[in-house]
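# A look at the structure
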Amino acid sequence: MIDWAQVRALQSDVGDEIFDEVVKIFDIETRGLLGALEGSTTDAERSKIAHGIRGSAVNFGMSDVVEAAKQIEQQPEDVAHVATLRQAYDSTIDVFLTNLGAKRLNQEFG
């Protein structure tokens, strides 16, 4: 689930001109962190990486990602949560980017 009010607040904070770049950087960095998380070998490392992902996802209103990352922080020994976080991110970013594009089209041509 995506909190679009949070997304609009972030967009307002950073400005329309650079918002797309912020989204792109977030996606690239989060995918990198997910790769690091999948390759992590210690509970402390998994918890630290998940904390970083959670903090960024909050800013983008991605509640499913936030909750999945929180599970890793709370139970870093349960590596099954890593796959859950990956799935949550992949599905959420797809919805996010699709809806963001649709909203732009509506603004431009609506």
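Read on for a plain summary of the structure. All chains use their own residue numbering, which begins from 1 and follows the written sequence. Given that the model is predicted, a residue must reach a pLDDT of at least 70 before its local features are reported, and side-chain atom pairs must reach 80 or more before they are shown or counted; all residues, however, enter totals for whole chains, interfaces and linings. The side-chain figures draw on all heavy atoms in the structure; neither hydrogens nor water molecules are used.

For the rest of this paragraph, the subject is the packing of aromatic side chains. Geometrically, a pair of aromatic rings is defined through the distance of the ring centres and the angle of the planes. Geometry of aromatic contacts follows a simple scheme: Phe, Tyr and Trp rings, the Trp one being its six-membered ring, pair when their centres are within 6.5 Å, and the pair is stacked under 30 degrees between planes, edge-to-face over 60, tilted otherwise. Scanning the entire structure with this criterion turns up four aromatic pairs. When the ring of Phe26 is compared with that of Tyr89, the centres are 6.0 Å apart and the planes differ by 65 degrees; the resulting orientation is edge-to-face. Of the two residues, Phe26 sits in helix α2 (residues 16-39) while Tyr89 sits in helix α5 (residues 80-109), which places them 63 residues apart along the sequence. The pair formed by Phe26 and Tyr89 is uniform in burial state, with each residue classed as buried. Aromatic rings pair up to connect Trp4, Phe26, Phe60, Tyr89 and Phe96 into one cluster. A run of H or I in DSSP becomes a helix once it reaches four residues, and a run of E becomes a strand once it reaches two; helices and strands are each numbered from the N terminus. Think of it in three bands: with a 1.4 Å probe and only protein chains considered, a residue is buried below 20% of the maximum accessible area for its type, exposed above 50%, and partly exposed in between.

Between α2 and helix α3 (residues 43-59), whose axes approach to 10 Å, the crossing angle comes to 160 degrees. Classified by the angle between their axes, α2 and α3 sit roughly antiparallel to one another. Considering the relative orientation of α2 and α3, their crossing is left-handed. Contacts between α2 and α3 involve Phe26, Thr30, Leu33, Leu34, Ala36 and Leu37 from the first element and Arg46, Ile49, Ile53, Ser56 and Ala57 from the second. Amino acids are sorted into nonpolar (Ala, Val, Leu, Ile, Met, Phe, Trp, Tyr, Cys and Pro), charged (Asp, Glu, Lys and Arg) and polar (every other residue, Gly among them). For the contact of α2 with α3, the per-class residue count stands at eight nonpolar, two polar and one charged. Interaxial angles span 0 to 180 degrees and are taken between N-to-C directions of axes, which are lines fitted to C-alpha atoms, for helices over the stretch in contact. Angle categories are assigned with fixed cut-offs, so that under 35 degrees is roughly parallel, over 145 is roughly antiparallel, 65 to 115 is roughly perpendicular, and the rest are oblique. Crossing handedness is read from the near helix: turned anticlockwise from the far helix by less than a right angle, it gives a left-handed crossing, and turned clockwise, a right-handed one. Working rule for contacts: check all heavy atoms of both residues, and any pair within 4.5 Å makes them a contact.

Nonpolar side chains tend to gather and get buried jointly when the protein is soluble and globular. If you look at the biggest cluster of nonpolar residues, it comprises 27 residues, and the most contacted ones within it are Leu37, Met62, Val65, Leu85 and Phe96. When contributions to this core are tallied by element, the ones reaching two or more residues are α1 (4-14), α2, α3, α4 (63-74) and α5. With seven residues, the single largest contributor to this core is α5. Not counting chain neighbours up to four residues away, the residues in contact with Leu85 comprise Leu34, Leu37, Ile53, Val65, Ala68, Ala69 and Ile72. In this description, a nonpolar core means a group of buried Ala, Val, Leu, Ile, Met, Phe, Trp, Tyr and Cys residues linked to one another through side-chain atoms lying within 4.5 Å.

Okay, α3 next. Along its 17 residues, α3 runs 25 Å from first to last C-alpha, staying within 8% of the 24 Å computed at 1.5 Å per residue. Among the residues of α3, Arg46, Ile49, Ala50, Ile53 and Ala57 are the ones counted as buried. Take α3 and look down its axis: the buried residues cluster within an arc of 100 degrees, on one side only. Exposed and oriented more than 90 degrees from the buried face of α3 are Ala44 and Lys48. Directly beyond the C-terminal end of α3, a positive phi value near 65 degrees is found at Gly61. The span expected for a helix works out to 1.5 Å for each residue beyond the first. To obtain the arc, one takes the directions from the helix axis to the C-beta atoms.

Taking 1.5 Å per residue as the helical rise, α2 with its 24 residues ought to reach 34 Å, and the 35 Å between its terminal C-alpha atoms agrees with that figure. For α2, the full list of buried residues reads Phe19, Val23, Phe26, Asp27, Thr30, Leu34 and Leu37.

Read these as layout, nothing more, since geometry by itself doesn't imply function.
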